[in-house]
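Architecture and fold: a report
What follows is each chain in one-letter form.
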Amino acid sequence: MRDVKKILEMRSQNFSQRKIAEALKVSRDTVRKVSKAADENNICWSMIQNQNEMEVQKLLFGKETKLNLIIKQPDYQYIHKELLRPETNIRLLWEEYAEDCRNSKFPFYQYSYFCEKYRDYVKKNNLTMHITHKPGDKLMVDWL
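Quantities reported herein were computed from a predicted structural model and do not represent experimental measurements. (Residues numbered from 1 in each chain as written. Predicted model: local features only at pLDDT ≥ 70, side-chain atom pairs only at ≥ 80, totals over all residues. Heavy atoms only, no water.)

1. With respect to the packing of aromatic side chains
Any aromatic ring pair is given by two values, namely how distant the centres are and how the planes are angled relative to each other. Going by this rule: Two aromatic rings from Phe, Tyr or Trp, using only the six-membered ring of Trp, form a pair when their centres are within 6.5 Å; if the ring planes differ by under 30 degrees the pair is stacked, by over 60 it is edge-to-face, and anything between is tilted. A ring is considered to have a charge above it if a Lys NZ or an Arg CZ atom is located within 6 Å of its centre and within 35 degrees of its normal.
A complete count under the given rule lists eight aromatic pairs for this structure. Sitting over the face of the ring of F61, K33 holds its NZ or CZ atom 5.6 Å from the ring centroid.

Here it is, written out as structure tokens:
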């Protein structure tokens, strides 16, 4: 969660939860959760004004803070190599990655973000997928 201090600052200026959510581009549930935690812990803007974001989150949420989680990075070189094999797709490789992360108790990327990160890796490294076929077996036309 981010912008906790900004949420509390705007709250002290009597902005509504809807206005705070719109201004900071966060969900109203996030604003509600921060406001509820501040009320439960009797924390106001003047108390946390000079503290950094991490300290404020620890005050509000205690051990619930998840800022320091390290997400296990996929091995994109391995993924690209495995995609060249027949009957292998990105979904199967993501499931393998997710299972490996679950076993080692690390957080992992969800499928859509995993695919996005893989596409970025392919674009960054100028990689292409090879089409393997027997000569004369298929006709491929590239329309310009």
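2. Some points on the confidence of the model for the chain
Low pLDDT means the predicted atomic positions in that stretch should not be read closely. Our working rule: The pLDDT value tells you how sure the predictor is about a given residue, anywhere from 0 up to 100. Under the scheme used here, helices are H or I runs from DSSP no shorter than 4 residues and strands are E runs no shorter than 2 residues, and both carry numbers assigned from the N terminus.
Summing up the model confidence of the chain, the mean pLDDT is 85 and the portion of residues at 70 or higher is 90%. Ranking the helices and strands of the chain by mean pLDDT puts helix α7 (residues 90-103) first, with 94, and helix α5 (residues 53-61) last, with 83.

3. Some points on the side chain of K5
The test is simple: Under the rule applied, a polar contact is a pair of N or O atoms within 3.5 Å (in protein, one hydrogen donor and one hydrogen acceptor; residues adjacent in sequence only if both atoms are side-chain atoms). We call two residues in contact whenever any of their non-hydrogen atoms come within 4.5 Å of each other.
By secondary structure assignment, the location of K5 is in helix α1 (residues 4-12). Within the local environment of K5, its side chain forms a polar contact with the backbone oxygen of Q49, the two atoms lying 3.2 Å apart. When sequence neighbours within four positions are dropped, the list of residues in contact with K5 reads W45, I48, Q49, Q51, N52, E53 and V56.

4. A look at the nonpolar core
To keep things clear, this is the line we draw: Note on terminology: a nonpolar core comprises buried Ala, Val, Leu, Ile, Met, Phe, Trp, Tyr and Cys residues joined through side-chain atoms within 4.5 Å. Each residue's exposure class comes from its accessible area (1.4 Å probe, protein chains only) as a fraction of the maximum for that residue type: buried when under 20%, exposed when over 50%, partly exposed otherwise.
L8, V34 and L60 are the most contacted members of the largest nonpolar core, which has 18 residues in total. Counting residues per element, the ones that place at least two in this core are α1, α2 (17-24), α3 (28-40), α4 (45-48) and α5. Residues within four places of L60 in sequence aside, it is in contact with V4, L8, V34, A37, A38, N41 and I43. Counting 16 residues, the second largest nonpolar core, distinct from the first, contains I79, W94, A98 and C101.

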